[in-house]
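Spelled out from the first residue to the last, the chains are:
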Amino acid sequence: MTTIYPQLIIDALKTVRYPGNGKNLIEAEMLEDDLRIDGMKVSFSIIFPKPTDPFRKSVMKAAEAAIKMYVDKDCEVTVNEKSATALPPEPDQLLPEVKNIIAVSSGKGGVGKSTVTANLAVGLAKLGYRVGLLDCDIFGPSMPKMFQVEDERPYAEQVDGRDLIVPIEKYGVKLLSIGFFVDPDQATLWRGGMACNALKQLISEAKWGELDYLILDTPPGTSDIHLTLIQTLAITGAVIVSTPQQVALADARKGVNMYMNEKVNVPILGLVENMAWFTPAQHPDERYYIFGKDGAKQLANELNVPLVGQIPLVQDICESGDNGMPAVLDPASPQGIAFMSLAAKIVTQVDKRNVEMAPTERVKLQK
């Protein structure tokens, strides 16, 4: 009977080539450090570049045959497979440590949705919650500037065999945006499929960790991005941002309809009326209804959804956004008070939704 020792196994595996690069298994460093020999029983693992490697079955059979040919034909060989990169989780198992996912949307651009999103996220963090913010606007990302982290570059960290992107953290908010990975001075000329795939990577290949709230800053309107989000994530609820004028409200109505559609059925947590009135800095108690009065409030009553915030039109909100310091950081200002009130009301609406409604499920649209 042959005495089997590790070098015999290694020499035998040197005769097996991996078709992906033409190197033998030892040269390609594909033998895992788990070789076990127990009499005539031999077991080891082969590391493949990816879980769906097309050569894995043929290589494993070749490795077993090489042991029997060059070591001993009576060997009992067990060949296991491992992957250098683990498979991403199944869609229904994405972000298991995230309690609530909130989509912030608007029917049209220019209503201040991203400003509201940034301040909502920071407001929730100031209330003591663990918060993540995903900038889903692939073609016009604005969160890096609003958080003054445009020069930051997220790094990757290996977790359970997968390389995960570590979000940038500021003001207590974990932040990811495609803006960290593209040239800010160049247009992103991608087809819809490329944009959706990039968004899926930011969701599934990021180290979000435990979060009470993950806020999604969605692009304006209704698009492939929105479909990708509702099919990829179980969204707890949506917040719709509008200004008071009728043209914005007409588009806001479409945004509400998108989420309330019976095929989608994502609850509306509330409407936010941005630029509700103009308040001069010198006269904080005065209100001028430049874009109309209570338009979003009336729409909320009509659609039977809560009005969770009315945000004044104040120059400091714009300046603070441009300077990367969300207005909610000044809690004593009218705008700071308005945004903190919004954050508190969203917490109440989410809690109410979770008590009164069934757990959210990922939307599965039928073709």
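Please refer to the structure higher up on the page.
Keep in mind the model is a prediction, meaning the values are calculated, not measured.

### A few points about helix α6 (residues 224-232)
All of the buried residues in α6 are Ile225, His226, Thr228, Leu229, Ile230 and Thr232. Contacts made by the buried residues of α6 are with β4 (98-105), α5 (192-204), β10 (211-217) and α7 (246-260).

### Focus: the packing of aromatic side chains
In total, this model carries 6 aromatic pairs according to the counting rule given. Their ring planes at 90° and their centres at 5.7 Å tell us that Tyr18 and Phe55 sit as a pair that is edge-to-face. One end of the pair, Tyr18, is in the loop between α1 (6-13) and β1 (36-38); the other, Phe55, is in the loop between β2 (41-48) and α2 (56-70), and 37 residues separate them in sequence. Classification of Tyr18 by relative accessible area gives buried; the value is 6%. Judged by its relative accessible area of 29%, Phe55 falls in the partly exposed class.

### A look at the packing of α7 against helix α8 (residues 295-303)
At a minimum axis distance of 11 Å, the contact between α7 and α8 shows a crossing angle of 35°. Seen along the crossing, α7 lies across α8 with a hand that is right-handed. Residue-level inspection shows Leu249, Ala252, Arg253 and Val256 of α7 in contact with α8, the latter providing Gly295, Ala296, Leu299, Glu302 and Leu303. The residue makeup of the contact of α7 with α8, split by class, is 6 nonpolar, 1 polar and 2 charged.

### Digging into the sheet that holds β2
The sheet built from 3 strands is open, its strands ordered β1-β2-β3 with mixed pairing. The open sheet terminates on both sides in strands that have one partner only, identified here as β1 and β3 (76-83). Ignoring strand direction, the axes of neighbouring strands in this sheet form an average angle of 15°. As paired elements, β1 and β2 share 3 bridges and run antiparallel to each other. Its bridge partner lying in β2, Ile37 is registered against Val42.

### A short note on the nonpolar core
Within the largest apolar cluster, 84 residues are counted, with the highest numbers of intra-cluster contacts made by Leu134, Phe147 and Leu216. Considering every element that reaches this core, the biggest residue donor is helix α10 (residues 334-356), with 8 residues. Discounting residues that sit within four places of it in the chain, Leu134 has contacts with Leu176, Leu199, Leu202, Ile203, Trp208, Leu214, Ile215, Leu216 and Asp217.

Thresholds applied
- Residues numbered from 1 in each chain as written.
- Predicted model: local features only at pLDDT ≥ 70, side-chain atom pairs only at ≥ 80, totals over all residues.
- Heavy atoms only, no water.
- Buried < 20%, exposed > 50% of the residue type's maximum accessible area, 1.4 Å probe, protein only.
- Helix = DSSP H or I, 4+ residues; strand = E, 2+ residues; numbered from the N terminus.
- Contact = heavy atoms within 4.5 Å.
- Phe/Tyr/Trp six-rings, centres within 6.5 Å; stacked < 30°, edge-to-face > 60°.
- Axes fitted to C-alpha atoms, helices over the stretch in contact; angles between N-to-C directions.
- Left-handed = near helix turned anticlockwise from the far one by under 90°.
- Nonpolar A, V, L, I, M, F, W, Y, C, P; charged D, E, K, R; others polar.
- Pairing = 2+ DSSP bridges.
- Core = buried A, V, L, I, M, F, W, Y, C linked by side-chain atoms within 4.5 Å.

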